[in-house]
Amino acid sequence: MSRLTVVPAAPETAFSRLVADYLQDRRAGGVSPKTVAIYADALNGVLLPFCAAHDVTEPAQLSNRLLNNLGAGLLDGTLSRRGRPLSKATVHSYMRAVNTFLEWAGAQPGET
């Protein structure tokens, strides 16, 4: 029988709060729950861990070079959660969610 262990939650950061605000904004805007779940997976499961690993603490620090590295790493599997290459369609979906979030974040008062 396998043992269950408690994994501590990642500490909340200004970046993760901004992601939560974005997801709430999407829900309030009437986006389907399935779409919000896809956005949440891409942002919380892919973008935030990538940013933490690269010492990115705010959206303005995400250069085209870093975003290209993220996309390429997902395609070749070096940055995927399971270490396996992801399909082009999956990577496109993730990167579309990331880019939509970055556009939204840039339009927020006081955000860069």
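Everything in this summary refers to the structure shown in the same document. (Residues numbered from 1 in each chain as written. Predicted model: local features only at pLDDT ≥ 70, side-chain atom pairs only at ≥ 80, totals over all residues. Heavy atoms only, no water.)

Turning our attention to the overall build of the protein. When helices and strands are tallied, the protein shows four helices and zero strands. Traced from its N-terminal end to its C-terminal end, the protein shows the element sequence α-α-α-α. For the protein, whose C-alpha radius of gyration is 15 Å, the value lies close to the compact-globule estimate of 13 Å for 112 residues. Principal axes of the C-alpha set define a box for the protein whose edges measure 50 × 30 × 30 Å. (Helix = DSSP H or I, 4+ residues; strand = E, 2+ residues; numbered from the N terminus. Rg over C-alpha atoms; globule rule 2.2 N^0.38 Å.)

The next thing to look at is the packing of helix 2 (residues 33-53) against helix 4 (residues 88-106). Two numbers describe how helix 2 lies on helix 4: the axes approach to 9 Å, and their chain directions differ by 90°. One way to sum up the angle between helix 2 and helix 4 is to call them roughly perpendicular. Only Ser-93, Tyr-94, Ala-97, Val-98 and Phe-101 of helix 4 make contact with helix 2, whose side of the interface consists of Ile-38, Tyr-39, Asp-41, Ala-42, Leu-43, Val-46 and Leu-47. Of the residues contributing to the contact of helix 2 with helix 4, the split by class is ten nonpolar, one polar and one charged. (Axes fitted to C-alpha atoms, helices over the stretch in contact; angles between N-to-C directions. Parallel < 35°, antiparallel > 145°, perpendicular 65-115°, else oblique. Contact = heavy atoms within 4.5 Å. Nonpolar A, V, L, I, M, F, W, Y, C, P; charged D, E, K, R; others polar.)

As a rule of thumb, nonpolar side chains are buried together in soluble globular proteins. Of all hydrophobic cores here, the largest spans 30 residues; its most connected members are Phe-15, Leu-23, Leu-43, Leu-47, Leu-62 and Phe-101. When residues of this core are traced back to their parent elements, those giving at least two are helix 1 (14-28), helix 2, helix 3 (64-76) and helix 4. The biggest single contributor to this core is helix 2, with ten residues. If we ignore the near neighbours within four places in the chain, the residues touching Phe-15 are Leu-47, Leu-48, Cys-51, Val-56, Thr-57, Glu-58, Pro-59, Leu-62 and Phe-101. (Core = buried A, V, L, I, M, F, W, Y, C linked by side-chain atoms within 4.5 Å. Buried < 20%, exposed > 50% of the residue type's maximum accessible area, 1.4 Å probe, protein only.)

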